[in-house]
Amino acid sequence: MSDGVVKILDGNTFVVSDSRGDIEASLTDPTGLFSFDTRFLSKWILSINGERMNPLSVDDLQYFETRFFLVPGTGTVYVDAKLSVIRRRAVSNGFHEELTILNHEDKAVDLTVRLDAACDFADLFEVKDALEKKGKYSARVEGGKLVLAYDRATFGRSTTISASKSARVDKKGLTFRIRVRPHDKWSTDLEVVTGRLGAGLARPGRENPKGSQRRMRRNLERWMDDAPRVECDWEPLKATYRRSLVDLAALRFSPLIAGGRSLPAAGLPWFMAMFGRDSILTSLQALPFTSELAATTLLALGDWQGVGLDDFRDEDPGRILHEMRYGEMTAFEERPHSPYYGSADATPLYVVLLDEYERWTGDRALVRALEVEARAALNWIDEYADLRGTGYVWYERRNRKTGLENQCWKDSWDSISFRDGRLPGFPRATCELQGYAYDAKLRGARLARLVWKDPAFADRLEKEAADLKRRFNRDFWVEDGEYFALALDPDGKQVDALASNNGHLLWSGIVDKSKSKAVARHLLGPRLFSGWGVRTLAEGEGRYNPIGYHVGTVWPFDNSFIAWGLRRYGFKEDAAVIAAGILDAAEFFDGRLPEAFGGYERTETMYPVQYPTACSPQAWSTGTPLLLLRTMLGLEPHGENLVVDAALPSAIGHLELLDIPGRWGRIDAFGRGRVDTKARRAP
Amino acid sequence: MLQERARAVTPDSVEAFFEELASRGHEPLLRKATGSARFDVGDGKRTERWSVTIDKGDIRVSRKNASADCVVRADKASFERAVVGDLNLMAAVLRGEVVVQGDPRLLVVIQRLFPRPSGRRPRRKSSGSARKPK
């Protein structure tokens, strides 16, 4: 995002403003007050005696509140400091702003304080794609409050603005004519409340803003207190860990149906929504630190699991949703997100998360409660995802207008290609989907035997998994390159580019032991490994571009799963090299890993070049340091115990992770850095 | 299993939908749900009501005007389309065509019992071969 942009949020309500606290949005400018995927305020400008403010400092108190210190006047040379202005803003159901004006002079001052307000009620999709509105706008003054509204047939959204001090309210804002005595101050509380007419979906009750801030402060304190503690010799890791915990707290999102519990949304601010894939993968990354996100994710995604065939939404029975949205375009079915199901990995990953959750928590009650959903997900793999009848998971959208073409995590248009850069047709069977399906079957078998008491089903799943593994190692193995093809094309031909997906295959366990060494060699080799991390696509491939979204950049989340995969096959030093690279990179971003950074050689740029992106923090980047801590310490639940088998980069020195929660209660893990990652990194 | 294809609306579509619901007795898709929902379906002149109580998946349907954890209001034309799979309940709620008061989770689980609109089953094509090219 551009400089000087300040974001605060609560769940899916958030405010993006400039460093003065002002909002001046256009259809394409992403500032404003947003809630339920709709912009509820697009103009919010403070002026005093006709002058705009000049920012002195911004104080980010918490992720849900901030304070702007300002002086009137926009002069760049000289600031007239006879007045100071403080705007303290907190998000609730809309936002609450305490506006204070301090007079530093020996004489009283007469001021005209003006807040200009307006709203375009844009759908987030419109803000991203710059589309025109179809409904009607209105503004009215009602009981001293300004009400801005937008109506389209039965669809209505409104914003109500009021102040605690007497104001002259017109259709374009509020004006205060005030006198501030010498060395005195004046202040008012401004309330901006969002309304969703007719939808009946407003959260029940409305807390007072102060109470809501207290609740959120307590909640954040509890979240931080509950998390395991990191002690280590390397200060940046402690800072990165702390940053991750706070950002993960901010990214928690309570879907309407979760009864106040939360799951990780995908990213700030555009993806404060329920995403199947992102919520599942982030919950997996965070499991050793908190299991609450996983439990809520499993329940909420289970409630929304597909039950029938709906081409517009790409829904099938048993399919786990891709994305849920609440805005106008979704409401009028101009977009399919109510919810949209076009994801081929969320469904097998759902079973993977359920099993991993049980292994950490021992919570069999939840596994029992979700038996129907897990079985439906496993059934989807064979009955609805095998579009070619060849025993693999394929994807091809049925919604050709607004559905997603690529339904794997690399979802941009050119992410799946042959070595020579050609794009395959549809349907496509990308390799990591087969790995996830294999893992889901084996984990489903474990749960069937242990919790559902259905050994026959378990046997069947294990047999299918073994068969899948055998065929996969034959059909996807690129003989002359010694790695797995990125995908199969509709004719069953190998889409033969070398990509980071090979790391996910190690994580899933589908790779034959005899092939694993060659795969690991590629992952740490010069074509894929940049020195910071594994590139999404290998250097030398037709579409390779170090700043191409899924064709050459390094994705921290991708690397965290690759590191986990390397550990699974016993390559713990290689996992440590990747962990060291990504954690080194995190230091350059003040502990907040971006979604992706450039695939340039580390020795070439010396610092990681951030890929320009609208989302920061992003959930699975935030979860990355957590999963890397797990892989470096080699944490693995084994029955009722937690096994620790550390392989740490020597730069980290001594590392302690204290009070790891799980079925064992709380446990501590220790490790000492012995892996010389610099030497291993050298070509 | 659920109907997977939108059907034409008939004068007794709504009645038939609730009768079919009642005849299920137990619905595994709802076994995590307990609560009551009332559907108020109006045609401008009069409102017909159906009360659905769910007890861990056991479904009972009555025509009583009982208080409920979740009240769903819709006009008859919209609701008729919903029960034949021609109107997506969630999108209709988002645009205010169907209004929900009370616990929204109940609506989420109950919408699973409504038929889906088009239902083209992804065809398994057997023309291609997954064999490696020689």
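Residues numbered from 1 in each chain as written. Chains lettered and ligands numbered in written order. Predicted model: local features only at pLDDT ≥ 70, side-chain atom pairs only at ≥ 80, totals over all residues. Heavy atoms only, no water.

### Description of the sheet that holds strand S25 (residues 494-495) of chain A
All names here are of chain A. Within the open sheet, the three strands sit side by side as S21-S24-S25. Their pairing is antiparallel. Looking at which strands have only one partner, the edges of the open sheet turn out to be strand S21 (429-430) and S25. One ladder, built from two bridges, connects S21 with strand S24 (residues 487-488); its direction is antiparallel. Counted as the bridge partner of threonine 430 is alanine 487 from S24. (Pairing = 2+ DSSP bridges. Helix = DSSP H or I, 4+ residues; strand = E, 2+ residues; numbered from the N terminus.)

### Observations concerning helix H14 (residues 556-568) of chain A
Residues and elements named next belong to chain A. When the terminal C-alpha atoms of H14 are compared, their 19 Å separation across 13 residues agrees well with the 18 Å that a helix rising 1.5 Å per residue should span. The buried fraction of H14 amounts to 12 of the 13 residues, a majority that puts the element mostly inside the structure. Of all the positions in H14, only Pro556, Phe557, Asp558, Asn559, Ser560, Phe561, Ile562, Ala563, Trp564, Gly565, Leu566 and Arg567 are classed as buried. Remark: glycine 570 follows H14 within two positions and exhibits a positive phi of approximately 85°. (Expected span 1.5 Å × (residues − 1). Buried < 20%, exposed > 50% of the residue type's maximum accessible area, 1.4 Å probe, protein only.)

### Section: the packing of helix H15 (residues 572-588) of chain A against helix H18 (residues 624-633) of chain A
Residues and elements named next belong to chain A. Contact pair H15 / H18: the axes reach a minimum separation of 10 Å and the direction vectors enclose 150°. As judged from the angle between their axes, H15 and H18 are roughly antiparallel. Pair H15 / H18 crosses with left-handed handedness. Counting all contacts with H15, which are made through Ala579, Ile582 and Leu583, the residues of H18 involved are Thr624, Pro625, Leu628 and Met632. Considering only residue class, the contact of H15 with H18 consists of six nonpolar, one polar and no charged. (Axes fitted to C-alpha atoms, helices over the stretch in contact; angles between N-to-C directions. Parallel < 35°, antiparallel > 145°, perpendicular 65-115°, else oblique. Left-handed = near helix turned anticlockwise from the far one by under 90°. Contact = heavy atoms within 4.5 Å. Nonpolar A, V, L, I, M, F, W, Y, C, P; charged D, E, K, R; others polar.)

### Some remarks on a negative patch on the surface
Residue and element names in this part refer to chain A. Together, Glu221, Asp225, Asp226 and Glu292 make up a negatively charged patch on the protein surface. Structurally, aspartate 225 is set in helix H2 (residues 209-226). A residue is classified by how much of its surface remains accessible, and aspartate 225, at 64% relative accessible area, is exposed. (Patch = residues over 30% accessible without salt bridge, like charges linked within 9 Å, V, L, I, M, F, W, Y side chains within 5 Å. Areas by Shrake-Rupley, 256 points an atom, 1.4 Å probe, with all protein chains shown as cover. Salt bridge = Lys/Arg side-chain N within 4 Å of Asp/Glu carboxyl O. Lys, Arg positive; Asp, Glu negative; His and termini not counted. Charge placed at Lys NZ, Arg CZ, Asp CG, Glu CD.)

### Focus on the sheet that holds strand S30 (residues 665-675) of chain A
Residues and elements named next belong to chain A. Strand order in the open sheet formed by four strands is S18-S29-S30-S28, with mixed pairing between adjacent strands. Bordering the open sheet on either side are strand S18 (229-232) and strand S28 (648-649), each of which pairs with just one other strand. Here seven bridges tie strand S29 (residues 654-662) to S30, and the two strands are oriented antiparallel to one another. Pairing of glycine 662 across the sheet is with glycine 665, part of S30.

### Some thoughts on helix H3 (residues 235-251) of chain A
Residues and elements named next belong to chain A. Given a rise of 1.5 Å per residue, 17 residues ought to cover 24 Å, and the 24 Å separating the end C-alpha atoms of H3 matches this to within 8%. Burial of H3 is extensive: 12 of the 17 residues sit out of reach of the surface. Buried within H3 are the following residues: Pro236, Leu237, Thr240, Tyr241, Ser244, Leu245, Val246, Asp247, Leu248, Ala249, Ala250 and Leu251.

### Looking at the confidence of the model for chain A
Summary statistics for chain A give a mean pLDDT of 91 and a share of 91% for residues scoring 70 or more. Taken together, the stretch residues 198-206 of chain A has pLDDT below 50 and engages in 23 contacts with residues farther than four places along the chain or on a different chain. (pLDDT = per-residue confidence, 0-100.)

### Observations concerning the state of the cysteines
All names here are of chain A. Applying the stated criterion across every chain yields a total of zero disulfides over all chains. Free cysteine: cysteine 408, not disulfide-bonded; nearest cysteine sulfur from cysteine 431 at 9.2 Å. Accessibility expressed as a relative area gives 1% for cysteine 408, which makes it buried. (Disulfide = S-S within 2.5 Å.)

### A look at the packing of aromatic side chains
Residues and elements named next belong to chain A. With the rule as written, the count across this model stands at 39 aromatic pairs over all chains. Geometrically, the ring pair formed by tyrosine 436 and tryptophan 507 is edge-to-face, given 5.9 Å between the ring centres and 70° between the ring planes. Here tryptophan 507 lies in helix H12 (residues 501-508) and tyrosine 436 lies in helix H10 (residues 431-450), a separation of 71 residues in the sequence. Accessibility expressed as a relative area gives 1% for tyrosine 436, which makes it buried. Judged by its relative accessible area of 2%, tryptophan 507 falls in the buried class. Seen in terms of ring centroids, tyrosine 549 and tryptophan 555 are 5.1 Å apart; in terms of plane orientation they differ by 70°. Their pairing is edge-to-face. For tyrosine 549, a relative accessible area of 26% puts it in the partly exposed group. Relative accessible area serves as the criterion here: at 1%, tryptophan 555 is assigned to the buried category. (Phe/Tyr/Trp six-rings, centres within 6.5 Å; stacked < 30°, edge-to-face > 60°.)

### Focus: the side chain of A:Glu432
Residues and elements named next belong to chain A. One can find glutamate 432 in helix H10. The buried charged residue glutamate 432 lacks any salt bridge partner; its closest oppositely charged side chain belongs to lysine 410, at an N-O distance of 7.1 Å. Within the local environment of glutamate 432, its side chain forms a polar contact with the side chain of threonine 430, the two groups lying 3.2 Å apart. In contact with glutamate 432, not counting residues within four places along its chain, are Cys408, Trp409, Asn501, His504 and Leu505. (Polar contact = N/O pair within 3.5 Å; in protein donor to acceptor, adjacent residues only side chain to side chain.)

### What to know about the pattern of salt bridges
Residue and element names in this part refer to chain A. By the definition in use, this model includes 87 salt bridges over all chains. With its nearest N and O atoms 2.9 Å apart, the salt bridge here joins arginine 443 to glutamate 356. Here glutamate 356 lies in helix H7 (residues 346-361) and arginine 443 lies in helix H10, a separation of 87 residues in the sequence. For the salt bridge of aspartate 382 with lysine 441, the shortest nitrogen-to-oxygen distance reads 3.0 Å. Taken as a pair, aspartate 382 in helix H9 (residues 371-383) and lysine 441 in helix H10 lie far apart in primary sequence, 59 residues in all. On the accessibility criterion, aspartate 382 (22% relative accessible area) is partly exposed. You can call lysine 441 buried: its relative accessible area is 4%.

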